[in-house]
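Descriptive analysis of the structure
Okay, here's what each chain looks like letter by letter:
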Amino acid sequence: MKKYGVNELRKMFLDFFESKGHLAMKSFSLVPHNDNSLLLINSGMAPLKPYFTGQEIPPRRRVTTCQKCIRTGDIENVGKTARHGTFFEMLGNFSFGDYFKEDAISWSWEFLTEVVGLDADRLYPSVYLDDDDAFELWNKKIGVPADKITRLGKEDNFWEHGAGPCGPCSEIYYDRGEKYGCGSPDCKVGCDCDRYMEVWNNVFTQFENDGHNHYTELENKNIDTGMGLERLACIVQDVDSMFDIDTLKALRDHVCNMAGVEYQKDDNTDTSIRVLTDHIRSVTFMISDGILPSNSGRGYVLRRLLRRACRHGRLLGVKGAFLVELAQTVIDGSKDGYPELEEKKDFIFNVIAKEEAQFNKTIDQGLSILADMEEEMKKNGETVLSGENAFKLYDTYGFPIDLTSEILEEKGLTFVPISAATMQGVRELPGLVYNRLKDIPAVPVFAPEYKKPEAKAGGREFTIKRMEAHVWSVDAPWLEYILAGSNVDDYESLQYFQRQLGESGILDALVQKGVQENDTILIGEYQFDYIF
């Protein structure tokens, strides 16, 4: 099998589905269009929702895209493992009431085995537990032995988000070999180890859920498929992680050369290399779509990513400004698929340079003062930084609270919530929870069914210890982040919580208590005075 590059694989996928009558559309912006339910585009299907719901007429009944996506729900884990990242590209082919299971399954197999050249013996399909149609297609039409087809339950192989269109899934897994396995004799498709990697997911949207788990057959059935480009490249190039594929390796190597360090020699160094490699990609693409640094909404996501990149550059020993130089490498590696990066590079560089310069004025002084505070805590045998000192770092020296928290957490330390007295009169800090809202009760949230909190769903229960919600408007609040202390590992679950909180009545309560547009509040098991 040839070790195709990322840009080659992207083109091969789009060309293949064009040959099957699909319209190849360019990636949509990372900024959702007429969709208040999302902060940033986080899946290949997200910008196509109006076509699936019938709100808009698609340009063709068969469409294929490579969609740029951002997910920051697990930003704290980025860098700590080679699995996590905030930016990724999602390959997809979509049918709006045109072809269905047979073509979707056949074409996914054809592309992987005949176009890309993956070994068919290392591919393992999965189907939904009761989807005999998909099982028969894999077994009888494609010729996959029955013992290589895995039936999985609703949690794994049924796509739905409450009321509305939904349906079973059929995934394709690739066996990467025993070296990626857990060593268990029971290791198989569905295991949590890295041996069997999901490559492709076919979603067969064939039912309508009335919100109470009553399903009716849709007259016009749809196909929504997705395949992570970076994940496919890992398999094709036979490398360990996305940080080793050609385009990201070029960026990773640039980071290492700039810092004078080697990858995979030290865990802490590797963490910073991966954070910087990942975050500068996200920053570059976000700015190219017109997102600017700010203290709220997607602008705050951008600012946080850029500042984390700055800090980890400093941890690697890089001095001065360096992000623009890395952004150029991002553009060089991705401009084939996204020519707008080259067209807008001057704008991208100007935004990065200005924000980096502004942050550099505060980071060295802030780090020094925080180090002195840590030393004082150590002398006194303390592990908790006072809220007053945390606030002083921000208010006097401009040092971000989220950065203070991250640095302390790395050392097993923390800080206390900022007091009401300290907060009085402060309005513009991102992440503040106003004390006038403190008597609003915490609301437990459950998934996967949409039900009021008091009626616990029979499926998986999510524990939300800290949840930040940004209020875009009092009519359409949106849950911006799920933070530490949560067992939620699926960013898409945000869409569950939005509706569930609406049904619980807490959003109405917030409005009655005086919440205003662009306030940032906290909803969770416990009421904190401060979150980040």
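Above this text sits the structure in question.
All values reported here derive from a predicted model rather than from experimental measurement.

**Structural notes on the overall build of the chain**
Of the regular secondary structure elements, the chain holds 17 helices and 14 strands. Out of the 532 residues belonging to the chain, those deemed buried represent 57%. A separation threshold of at least 6 residues defines the contact pool for the chain, and within that pool the share at least 24 residues apart is 70%. By element, 46% of the accessible surface of the chain is carried by carbon and sulfur atoms, the whole surface being about 22900 Å².

**What to know about empty space enclosed by the protein**
Applying the stated criterion across every chain yields a total of 7 cavities of 30 Å³ or more. The volume enclosed by the second largest cavity comes to roughly 90 Å³. Considering the residues around the second largest cavity, the lining is formed by Val6, Asn7, Arg10, Glu89, Thr247, Leu248, Leu251, Arg281, Thr329, Val330, Gly333 and Ser334. Where the lining of the second largest cavity is concerned, the elements lending two or more residues are helix H1 (6-18), helix H7 (246-259) and helix H10 (323-334). Residue contributions to the lining of the second largest cavity peak at 4 residues, all from H10. Residues belonging to the lining of the second largest cavity are distributed by class as follows: 4 nonpolar, 5 polar and 3 charged.

**A short note on the nonpolar core**
Phe111 and Leu112 are the most contacted members of the largest nonpolar core, which has 101 residues in total. Per-element accounting of this core gives the leading share, 10 residues, to helix H12 (residues 345-379). Counting 8 residues, the second largest nonpolar core, distinct from the first, contains Met25, Leu48, Phe94 and Phe96.

**Remarks on the environment of Ser43**
By the element assignment, Ser43 lies in the loop between strand S1 (23-25) and helix H2 (49-53). Here Ser43 falls in the buried class, since its relative accessible area comes to 13%. Each C-alpha atom of the pair Ser43 and Met90 lies 6.8 Å from the other, and the pair is 47 residues apart in sequence. Only 3.2 Å separates the side chain of Ser43 from the backbone nitrogen of Ala46, close enough to count as a polar contact.

**Focus: the side chain of Arg195**
Note that Arg195 resides in the loop between strand S7 (164-175) and strand S8 (196-209). A distance of 2.8 Å separates a polar atom in the side chain of Arg195 from a polar atom in the side chain of Asp175. In contact with Arg195, not counting residues within four places along its chain, are Tyr174, Asp175, Arg176, Gly177, Glu178, Tyr180, Gly181 and Cys187.

**Observations concerning the packing of aromatic side chains**
As enumerated under the stated definition, the model contains 21 aromatic pairs in all. Ring geometry for Phe13 versus Trp200: centroids 5.8 Å apart, planes at 50 degrees, classification tilted. Of this pair, Phe13 sits in helix H1 while Trp200 sits in strand S8, and the two are 187 residues apart along the sequence. Across the pair, Trp200 and Phe13 agree in class, each one buried. Taking 5.9 Å as the distance between ring centres and 65 degrees as the angle between the ring planes, the aromatic pair formed by Phe100 and Phe204 counts as edge-to-face.

**Some thoughts on the layout of surface pockets**
Looking at the second largest pocket, its volume works out to about 310 Å³. For the second largest pocket, the lining is made up of 17 residues, of which Lys80, Thr271, His312, Glu406 and Glu410 are closest to its centre. A per-element tally of the lining of the second largest pocket places helix H14 (residues 401-410) first, with 5 residues.

**Let's talk about H7**
Under the 1.5 Å per step criterion, the end-to-end length of H7 is 20 Å for 14 residues, consistent within 8% with the ideal 20 Å. For H7, the set of buried residues is Thr247, Leu248, Leu251, Arg252, His254, Val255, Cys256 and Ala259. Lining the buried residues of H7 we find H1, helix H8 (267-288) and H10. One or two residues past the end of H7 sits Gly260, with phi positive at roughly 70 degrees.

**Digging into the pairing of S8**
Most of S8 is tucked away, with 12 of its 14 residues classed as buried. Bridge count for S8 against strand S9 (residues 215-228) is 8 bridges, and the pairing is antiparallel. Across the sheet, residue Phe207 finds its bridge partner in S9, namely Glu217. Hairpin connection, S8 to S9: the antiparallel pair is bridged by 5 residues, and Gly211 has positive phi, about 95 degrees.

**Examining the pattern of salt bridges**
Taken as a whole and assessed by the stated rule, the structure comprises 27 salt bridges. Linking Lys11 and Asp15 is a salt bridge whose minimum nitrogen-to-oxygen distance equals 2.6 Å. Residue Lys11 and its partner Asp15 are located together in helix H1, separated by 4 residues, close to a single helical turn. Assessed through its relative accessible area of 54%, Lys11 is described here as exposed. Judged by its relative accessible area of 34%, Asp15 falls in the partly exposed class. Measuring nitrogen to oxygen at the nearest pair gives 2.3 Å for the salt bridge that ties Arg83 to Asp194.

What counts, and where the lines are drawn
Residues numbered from 1 in each chain as written. Predicted model: local features only at pLDDT ≥ 70, side-chain atom pairs only at ≥ 80, totals over all residues. Heavy atoms only, no water. Helix = DSSP H or I, 4+ residues; strand = E, 2+ residues; numbered from the N terminus. Buried < 20%, exposed > 50% of the residue type's maximum accessible area, 1.4 Å probe, protein only. Contact = heavy atoms within 4.5 Å. Areas by Shrake-Rupley, 256 points an atom, 1.4 Å probe, with all protein chains shown as cover. 1 Å grid on protein atoms, 1.4 Å probe; cavity = no way out; pocket = protein on both sides within 12 Å on 5 of 7 lines; lining within 4 Å. Points joined across faces, edges and corners; volume = space filled by probe spheres on them. Nonpolar A, V, L, I, M, F, W, Y, C, P; charged D, E, K, R; others polar. Core = buried A, V, L, I, M, F, W, Y, C linked by side-chain atoms within 4.5 Å. Polar contact = N/O pair within 3.5 Å; in protein donor to acceptor, adjacent residues only side chain to side chain. Phe/Tyr/Trp six-rings, centres within 6.5 Å; stacked < 30°, edge-to-face > 60°. Expected span 1.5 Å × (residues − 1). Pairing = 2+ DSSP bridges. Salt bridge = Lys/Arg side-chain N within 4 Å of Asp/Glu carboxyl O.

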